[in-house]
Amino acid sequence: MLLMWDVPQFGVGSKEVVGPDVDDVAGHVAVDEVDPSSPFYGWTTECFKVFEVLENAPDILVIGTGAQTYPLPPHLKTYLHRLGMQVEVQASRQAGSTYNILVQEGRRPAAALLPVIPTSARTGQMLVKFRQPPKDVDDE
């Protein structure tokens, strides 16, 4: 199973960025404060609700965090473990390779991969702007 889904990246694309919360009576996992420089900024357990309804849920979820590896926030890790899944978090290129190896081994993995450059799944537009490198005086 390979997931492509539209989630906030670095808080961009989130209508509201979640902050600290407490467990409610329904048993929802509390939202921890997440570093705004993390691609997980703005994520809640709602991003992974699909795993609650799958008949043959994966035994491991490989999460690709884009160009570099970022730690998965504790509230998301706890939620996924409660669903019975192991979690592996890597940069997206490495996560893709790990997914392929797990499939070859006969495991039931799922992959949730963010693009290397944060991009909207709805519009295809980059969510970040890059500065142009300064021109070298010798190049002119």
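Not measured: the values here are computed from a predicted model.

### Quick notes on the nonpolar core
Soluble globular proteins: nonpolar side chains tend toward being buried together.
Consideration 1: Counting residues in each nonpolar core, the largest one holds 18 residues, and the members touching the most others are Phe48, Leu61, Ile63, Leu72 and Leu80.
Consideration 2: Elements that contribute at least two residues to this core include exactly strand 2 (60-64), helix 1 (74-82), strand 3 (86-90) and strand 4 (109-113).
Consideration 3: If one sorts the elements of this core by residue count, helix 1 sits on top with 3 residues.
Consideration 4: Those residues in contact with Ile63 that sit more than four places away from it in its chain are Phe40, Phe48, Leu72, Leu80, Val87, Glu88, Val89, Gln90, Ala95 and Ala112.

### Observations concerning the pairing of strand 4
Consideration 1: Burial within strand 4 is extensive, with 4 of its 5 residues counted as buried.
Consideration 2: By the bridge criterion, 5 bridges tie strand 2 to strand 4 in an arrangement that is parallel. When the bridges of strand 4 are listed, Ile60 appears paired with Pro109.

### Section: the environment of Ser38
Consideration 1: With respect to the element layout, Ser38 can be found in the loop between strand 1 (2-3) and strand 2.
Consideration 2: For the pair Ser38 and Thr69, spaced 31 residues apart in sequence, the C-alpha to C-alpha distance is 9.6 Å.
Consideration 3: From its side chain, Ser38 meets the backbone nitrogen of Phe40 in a polar contact 3.0 Å long.

Cut-offs applied
Residues numbered from 1 in each chain as written. Predicted model: local features only at pLDDT ≥ 70, side-chain atom pairs only at ≥ 80, totals over all residues. Heavy atoms only, no water. Core = buried A, V, L, I, M, F, W, Y, C linked by side-chain atoms within 4.5 Å. Buried < 20%, exposed > 50% of the residue type's maximum accessible area, 1.4 Å probe, protein only. Helix = DSSP H or I, 4+ residues; strand = E, 2+ residues; numbered from the N terminus. Contact = heavy atoms within 4.5 Å. Pairing = 2+ DSSP bridges. Polar contact = N/O pair within 3.5 Å; in protein donor to acceptor, adjacent residues only side chain to side chain.

No statement about biological role is implied by the geometric values presented.
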